[in-house]
Amino acid sequence: MPNSFGKLFTITTWGESHGPGIGVVIDGCPPNLPITAAEIQVELDRRRPGQSDIVTPRKEADAVEILSGIHEGRTTGTPIALFVRNTDARPAAYDEMKDKFRPSHADFTYQAKYGLRDPRGGGRSSARETIGRVAAGAIAAKILASQGVELRAFITRIHDIAMPAEALAAVGIPALAEVEATPVRCPHPATAAAMIERIKSVRSQGDSVGGVIQCRVRGLPPGLGEPVFDRLEADLAKAMLSLPATKGFEIGSGFAGTLLRGSQHNDSFEMRDGRVRTTTNRSGGVQGGISNGEDLVFNVAFKPTATILQTQQTVDSQGRPAELMGKGRHDPCVVPRAVPIVEAMAALVLIDHWMRHAAQNQTFKF
Ligand SMILES: Cc1cc2nc3c(=O)[nH]c(=O)nc-3n(C[C@H](O)[C@H](O)[C@H](O)COP(=O)(O)O)c2cc1C
């Protein structure tokens with residue numbers, strides 16, 4: 001099922017950038033969860049284009065329609081189908097790309113794999129596909145919240161501008177309002193201001209930049225995850241690297257942990273408030289592939305947007321050298337809009353693993 005994700009709480013996304021619309025089918029959602037289109041819309045509005053002056057100006061309301069699985073404001077346990085119409089497609093902007101491959105985009109690989117492609121707005125490789133993930137993630141996040149779990153992603157770095165280490169250490173699980181206070185979704189106002197300036201500056205040069213999103217989750221029970229192939233961090237890594245434009249994933253101490261010795265790196269155990277805790281959290285909340293009840297902390301790296309408004313060297317479908325000047329409406333930096341997408345994928349992984357854990361370990365009592 002190449003367009004599906006999850007084992008018990010599953011999603012299947014469908015649709016292209018310039019087709020009639022984009023959607024998702026969610027199967028396995030527990031019944032009786034109160035959820036409205038307005039609650040799903042809040043998350044879609046955080047993802048949608050045209051929301052600020054540092055993202056793509058494509059004007060889409062991204063209004064969600066509930067087609068099935070929710071009746072009188074509650075999930076029914078049957079498949080939930082959610083639909084968002086594309087209303088501001090401008091396919092003519094992509095005429096030149098019908099025959100020329102955009103550097104570092106998906107044009108060449110789709111052509112090599114399928115022998116044809118929908119070039120309008122990148123077709124299925126467009127980040128519009130993530131609408132379905134965000135809509136489904138809103139439902140998963142509501143279930144997590146009902147269990148007292150706090151989940152928040154935010155930007156820690158744009159290009160070479162990073163939140164100071166002390167601010168990052170002090171931020172905890174930032175409130176939604178702190179993250180949404182600026183269009184760049186970095187909860188440190190001084191750093192956010194510098195990030196916004198950088199994005200505007202590269203955009204004015206027809207260029208792009210990338211950055212890093214950190215996601216933190218507090219309140220997870222110990223026991224979520226599997227010991228071998230579906231380790232919690234492995235499924236999170238897959239979820240994050242399934243997002244367009246991602247180039248890296250690290251959990252806990254990540255790559256920096258390689259600079260420490262075991263004696264410096266180990267998270268000592270202690271009893272605190274009547275339960276087993278660790279004094280530090282370099283594991284990032286997962287040990288042996290299973291959550292240990294500490295905060296889940298991971299980072300996702302996003303590359304600079306591939307489509308830039310500069311002339312670039314490429315080849316056409318006949319292999320002839322060509323030049324390509326990016327057209328259409330693009331994000332000079334995809335990272336601010338990716339924040340709710342990272343949260344959605346994290347929520348989907350966690351609910352799926354929560355249900356799997358409960359099914360195996362809590363269904364029967366012997
Ligand atoms: C929120 C978001 C917005 C994006 N917007 C653009 C865009 O405007 N232009 C573009 O070329 N790529 C954009 N991308 C990235 C492309 O979808 C992605 O680079 C492409 O599918 C190729 O996949 P890859 O970069 O993972 O190899 C965006 C990605 C995300 C997550």
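Quick caveat, the model's predicted, so the values are computed rather than measured. (Residues numbered from 1 in each chain as written. Predicted model: local features only at pLDDT ≥ 70, side-chain atom pairs only at ≥ 80, totals over all residues. Heavy atoms only, no water.)

Q: Give me the lowdown on the sheet that holds strand E7 (residues 80-85), citing residues and values where you can.
A: With antiparallel pairing, the 5 strands of this open sheet are ordered in space as E1-E2-E3-E7-E4. Every interior strand has two partners, whereas the edge strands, strand E1 (4-5) and strand E4 (64-68), have only one. Sheet analysis places E4 next to E7, joined by 4 bridges and oriented antiparallel. In the strand pairing of E7, glutamate 65 is matched with phenylalanine 83. In this fold helix H3 (residues 130-146) packs onto strand E2 (10-15), strand E3 (21-27) and E7, with an angle of close to 35° to the strand it touches most, E3. (Pairing = 2+ DSSP bridges. Helix = DSSP H or I, 4+ residues; strand = E, 2+ residues; numbered from the N terminus. Contact = heavy atoms within 4.5 Å. Axes fitted to C-alpha atoms, helices over the stretch in contact; angles between N-to-C directions.)

Q: Can you tell me about the site of the ligand, naming the residues and giving the values?
A: As a matter of local geometry, the ligand sits amid 14 residues, with Ser125, Lys303, Thr307, His330 and Asp331 nearest to it. Between the ligand and the protein, one listed contact pairs an oxygen atom with a backbone N or O atom of alanine 245 at 2.9 Å. With respect to the ligand, the backbone of aspartate 331 contributes an N or O atom lying 2.9 Å from an oxygen atom. For the ligand, whose unbound accessible area comes to 630 Å², protein coverage reaches 87%. In terms of residue class, the shell around the ligand is made up of 6 nonpolar, 5 polar and 3 charged. (Near = heavy atom within 4 Å. Polar contact = N/O pair within 3.5 Å; in protein donor to acceptor, adjacent residues only side chain to side chain. Areas by Shrake-Rupley, 256 points an atom, 1.4 Å probe, with all protein chains shown as cover. Nonpolar A, V, L, I, M, F, W, Y, C, P; charged D, E, K, R; others polar.)

Q: I'd love a proper account of the environment of alanine 234, names of residues and values included.
A: Along the chain, the position of alanine 234 falls in helix H7 (residues 232-241). Residue class for alanine 234 comes out partly exposed when judged on its relative accessible area of 31%. For the pair alanine 234 and valine 209, spaced 25 residues apart in the sequence, the C-alpha separation amounts to 27 Å. (Buried < 20%, exposed > 50% of the residue type's maximum accessible area, 1.4 Å probe, protein only.)

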